Amino acid sequence: MVHRLSTRIALQKPVTVESPRIGCRSMTARDISLYGMFVESTPPFLPLNATVTVAFSAGNGEHSGKFAFDAMVVRRTKTGAALMFPDLDVKEVRALHAALYESAESR
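1. Section: the pairing of strand β3 (residues 36-40)
The buried fraction of β3 is high, at four of five residues. Bridge count between strand β2 (residues 23-33) and β3: five bridges; the pairing is antiparallel. Bridging across to β3, Ser33 finds its partner in Gly36. Between the end of β2 and the start of β3, which pair antiparallel, lie two residues. Where β3 and strand β6 (residues 80-84) come together, five bridges link them in antiparallel fashion. Along β6, the bridge assignment pairs Met37 with Leu83.

Here it is in structure tokens:
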């Protein structure tokens, strides 16, 4: 059973993922929450438990922002990988929350 600390938001958004094993690659985020995202990818796949950097933009209007977070690959599938943001500070969580949830409320 999976326990989520925040609601996932479905999306199709380009992200950049950088890892020593695969270099810097463009991928597509399929969903995102305050604590991670799922990215669609093709081989070479991200290694399980690898630390990567993921960069993306989120939100609209006054709640939009560009983000770059360290993430850990916590699950892999045939179509991509689940990334967890393990070390966000309070300021980053607040900014991401505003971009994801407050932007959605204003639509």
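2. A look at the environment of Thr28
In this structure, Thr28 sits in strand β2. Residue Thr28 is classed as partly exposed on the basis of its relative accessible area of 27%. In this structure, the C-alpha to C-alpha distance between Thr28 and Arg94, residues 66 residues apart in sequence, is 23 Å.

3. Section: the side chain of Ser19
Positionally, Ser19 belongs in strand β1 (residues 9-19). Those residues in contact with Ser19 that sit more than four places away from it in its chain are Leu46 and Val52.

Each value, and the rule that gives it
- Residues numbered from 1 in each chain as written.
- Predicted model: local features only at pLDDT ≥ 70, side-chain atom pairs only at ≥ 80, totals over all residues.
- Heavy atoms only, no water.
- Buried < 20%, exposed > 50% of the residue type's maximum accessible area, 1.4 Å probe, protein only.
- Helix = DSSP H or I, 4+ residues; strand = E, 2+ residues; numbered from the N terminus.
- Pairing = 2+ DSSP bridges.
- Contact = heavy atoms within 4.5 Å.

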